[in-house]
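Each chain is listed here by its residues.
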Amino acid sequence: EVQLQASGGGLVQAGGSLRLSCTAVGFLFDDYALGWFRQVPGQEREGVSCISTTEGRSYYTDSVKGRFTISSDRVKKTVYLQMNDLKPEDTAVYYCRACYVHENGDSYYVHVDNRVDSGPWGQGTLVTVSS
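Keep in mind that this is a model prediction, so the values were computed, not measured. (Residues numbered from 1 in each chain as written. Predicted model: local features only at pLDDT ≥ 70, side-chain atom pairs only at ≥ 80, totals over all residues. Heavy atoms only, no water.)

Caption draft 1: Main features of the side chain of serine 118. Within the secondary structure, serine 118 sits in the loop between strand S10 (107-112) and strand S11 (125-130). With relative accessibility at 2%, the residue serine 118 sits in the buried group. The residues contacting serine 118, other than those within four sequence positions of it, are Val2, Leu4, Arg97 and Ala98. (Helix = DSSP H or I, 4+ residues; strand = E, 2+ residues; numbered from the N terminus. Buried < 20%, exposed > 50% of the residue type's maximum accessible area, 1.4 Å probe, protein only. Contact = heavy atoms within 4.5 Å.)

Next comes the structure, spelled out in structure tokens:
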């Protein structure tokens, strides 16, 4: 059974930092890209970041560039999202899924890769940024 377990969320004041973790179980970690998505209840899901092992590159949506950093540990089979200078608009439930990106001009758009089994969505991890 494939499981991508997201953790590390919490409550933080604007300008603060959090580090999210996604541990992969039953997933071909070295074969597919993994990324982070976030969603506010009643709003559309947004792709935040995607890291590609094949390309050795990281991608970010414009709103988090310069503030968030995605990384991976192949031994631990874990993907991280270091979030700095958090803003209230970053408040959301964050999920970890297989991902791919499209480039449009200078912007990158992160999408769920539905060709890959990421297992159940689960509950994600909640990030709340207060002003």
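There's plenty left to go through after this.
Caption draft 2: Molecular detail of the pattern of salt bridges. Counted under the stated rule, the structure contains six salt bridges. A salt bridge links arginine 74 to aspartate 30, with the shortest nitrogen-to-oxygen separation between them at 3.9 Å. On the criterion of sequence distance, the pair formed by arginine 74 in the loop between strand S7 (68-73) and strand S8 (78-83) and aspartate 30 in the loop between strand S3 (18-25) and strand S4 (34-39) is long-range, its members being 44 residues apart. The shortest N-O distance in the salt bridge between arginine 38 and glutamate 46 comes to 2.9 Å. (Salt bridge = Lys/Arg side-chain N within 4 Å of Asp/Glu carboxyl O.)

Caption draft 3: Broad picture of the sheet that holds strand S1 (residues 3-7). Across the sheet, which stays open at both edges, the four strands sit in the order S1-S3-S8-S7 with antiparallel pairing between neighbours. The open sheet has two free edges, formed respectively by S1 and S7, since each of these has just one partner strand. Geometrically, the sheet is characterised by an average inter-axis angle of 15° between neighbouring strands, direction not taken into account. (Pairing = 2+ DSSP bridges. Axes fitted to C-alpha atoms, helices over the stretch in contact; angles between N-to-C directions.)

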